[in-house]
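A look at the structure
Now for the letters of each chain:
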Amino acid sequence: MSEASERILVTNHSQGDYPVVMRSGAIDELASHLPGDARKILIIHAPALATIAERLREELSAGREIFLAEIPDAEGAKRAEVASFCWGILGQLDFHRNDAIVSLGGGATTDLAGFVASTWLRGVPIIHVPTTVLAMVDGAIGGKTGINTTEGKNLVGTFYAPKAVIVDPDVLPSLSDNDVRAGFAEIVKCGFIADPVILDLIEADPEAARVTSSDVFLELARRSVAVKAKVVGDDFLESGMREILNYGHTLGHAIEHAERYQWRHGVAVSIGMVFAAELGRIVANLGDDQVARHRRILTSLGLPVTYPPARWKSLLATMQKDKKARGGVLRFVVLDDVARPRVLAIPDESMLYAAYSELSATES
């Protein structure tokens, strides 16, 4: 990356602008982004990151008290009981508004930690250190926080901007291939809704794209962060343009719910994007070639593009509870063409079923 591309500013008119720092070794500047008067820091981390959390505790301890809170992995973190556990720690530590939280983990960790930070004393500073591809290009950026309920995903949450996001590709080599693949769903999404160069780069060499130390991956990550920074800077509270970031997510969230959150988010969103492309062909102007391109790119990255036909009724019921619905009418992001998204209310369930029927998987 060039020096100019190492720092992307996310504008936030209501809560303050913040930087996304992207470079090898960026985690070393975490201390410089902490509030100067913070005397207590709570690092909320996933179990697999205990060693890094301990290292950060040592590095940040000069003049401060550093505490660690280990939370469950993946979607298991995004429960009210886990938030309550963190609130309890903050209360026992007599955590003040000038103290700070650091999230260390994937998107579930940043979602949960951001929610805790936004609600403790009505808001304490938080810095995100995402450690998965998905969190680096999506979950940690934009200020959305949330926890799940038995009724659906992210139904409880807030909009709360971090003080900074530290994106360090050096923490990625330990990721499994499955984790890297899942993260690429959000990168592909950014390509289809806003930046076609992302798609071109993946199509040119899908294997190189998935090597997290490669120049191709770093360029893809930079472009994806730039897309999200632009969108959330223009619409922090999701009152308009920000909805385009939900491309593929309405069905994706329903699939996650159906799979009891045992599927990675990006895997479900991959199928959701194919559904959205099929819906775009039916109700918008998306051409057959671009629908096929969805399948081709996602498949080249090892992501799924099908789901069992028999699951439709339960998926529809879950989507009808989705927070993006209005008055019981489902809303979907569809494409007229690449980089030409729009949001449509679709009251006709037959159109939705017609799109879903193209996901012609058989029961396993």
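Reference entry: report on the structure contained in this document.

Parameters at a glance
- Residues numbered from 1 in each chain as written.
- Predicted model: local features only at pLDDT ≥ 70, side-chain atom pairs only at ≥ 80, totals over all residues.
- Heavy atoms only, no water.
- Pairing = 2+ DSSP bridges.
- Helix = DSSP H or I, 4+ residues; strand = E, 2+ residues; numbered from the N terminus.
- Axes fitted to C-alpha atoms, helices over the stretch in contact; angles between N-to-C directions.
- Contact = heavy atoms within 4.5 Å.
- Parallel < 35°, antiparallel > 145°, perpendicular 65-115°, else oblique.
- Left-handed = near helix turned anticlockwise from the far one by under 90°.
- Nonpolar A, V, L, I, M, F, W, Y, C, P; charged D, E, K, R; others polar.
- Buried < 20%, exposed > 50% of the residue type's maximum accessible area, 1.4 Å probe, protein only.
- Right-handed = clockwise from strand over helix to strand, strands pointing away.
- Salt bridge = Lys/Arg side-chain N within 4 Å of Asp/Glu carboxyl O.
- Polar contact = N/O pair within 3.5 Å; in protein donor to acceptor, adjacent residues only side chain to side chain.

1. A closer look at the sheet that holds strand β2 (residues 18-22)
- Read from one edge to the other, the open sheet built from 7 strands follows the order β1-β2-β9-β6-β5-β3-β4, with strand pairing classed as mixed. Lying at the two open borders of the sheet, with one neighbouring strand each, are β1 (7-10) and β4 (65-70). Within this sheet the neighbouring strands show an average axis-to-axis angle of 15°, counted without direction.
- Two strands pair when backbone bridges link them, and strand β3 (residues 40-45) and strand β5 (residues 100-105) are joined in this way by 5 bridges, in the parallel orientation. By the bridge assignment, Ile43 is partnered in β5 with Val102.
- Set on the sheet, helix α4 (residues 107-119) makes contact with β3, β5 and β6 (126-130); between it and β5 the angle comes to about 165°.

2. Notes on the packing of helix α13 (residues 312-319) against helix α14 (residues 349-356)
- Where α13 contacts α14, the two axes come as close as 12 Å, and the packing angle between them is 125°. Taken as axis vectors, α13 and α14 run oblique relative to one another. Two packed elements cross with a definite hand, and for α13 against α14 that hand is right-handed. Here α13 contributes Trp312, Leu315 and Leu316 to the contact with α14, which in turn contributes Glu349, Leu352, Tyr353 and Tyr356.
- Counted by class, the contact of α13 with α14 contains 6 nonpolar, no polar and 1 charged residues.

3. Some remarks on unusual backbone geometry
- Of note in this structure, Asp94 is not a glycine but carries a positive phi near 55°.
- Along the chain, Asp94 turns up in the loop between α3 (80-92) and β5.
- Under the relative-accessibility criterion, Asp94 is labelled partly exposed at 46%.
- If you check the backbone angles, Arg260 has positive phi at about 55° while not being a glycine.
- Looking at where Arg260 falls in the secondary structure, it is placed in the loop between α10 (249-258) and α11 (265-283).

4. Brief notes about the pairing of β5
- Where burial is concerned, most of β5 is hidden: 6 out of the 6 residues are buried.
- The parallel pair β5 and β6, bridged by α4, forms a crossover whose chirality is right-handed.

5. A closer look at the pattern of salt bridges
- The full count for this structure, using the stated rule, is 28 salt bridges.
- Salt-bridge contacts for Arg55 lead to Glu59; the nearest nitrogen and oxygen are separated by 3.0 Å. Remark: Glu59 and Arg55 occur in helix α2 (residues 50-60); sequence separation between them is 4 residues, near one turn of the helix.
- For Glu207, the salt bridge goes to Arg210, with nearest N and O atoms at 4.0 Å.
- The exposure class of Glu207 is exposed, given its relative accessible area of 52%.
- The exposure class assigned to Arg210 is buried, which follows from its relative accessible area of 16%.
- Connected through salt bridges with shared partners, the residues Glu75, Lys78, Asp111, Lys153 and Glu256 form a single ionic network.

6. Section: the pairing of strand β11 (residues 340-346)
- With 7 bridges connecting them, strand β10 (residues 330-337) and β11 associate as antiparallel partners. Bridged to Val333 within β11 is Val343.

7. A look at the side chain of Ser224
- Along the chain, Ser224 turns up in helix α9 (residues 215-234).
- We classify Ser224 as buried; its relative accessible area is 0%.
- A distance of 2.9 Å separates a polar side-chain atom of Ser224 from the backbone oxygen of Leu220.
- With residues up to four places along the chain from it excluded, the contact list for Ser224 reads Val137, Ile187, Cys190 and Ile198.

8. Here's the deal with the packing of helix α6 (residues 177-193) against helix α7 (residues 196-204)
- At their nearest, the axes of α6 and α7 sit 6 Å apart, and the two run at 125° to each other. As the angle between them shows, α6 and α7 are arranged oblique. Where α6 abuts α7, its residues Phe184, Ile187, Val188, Cys190, Gly191 and Phe192 lie against Pro196, Ile198, Leu199 and Ile202.
- Its residues placed into classes, the contact of α6 with α7 shows 9 nonpolar, 1 polar and no charged.

Any functional reading would require information that these geometric values do not contain.
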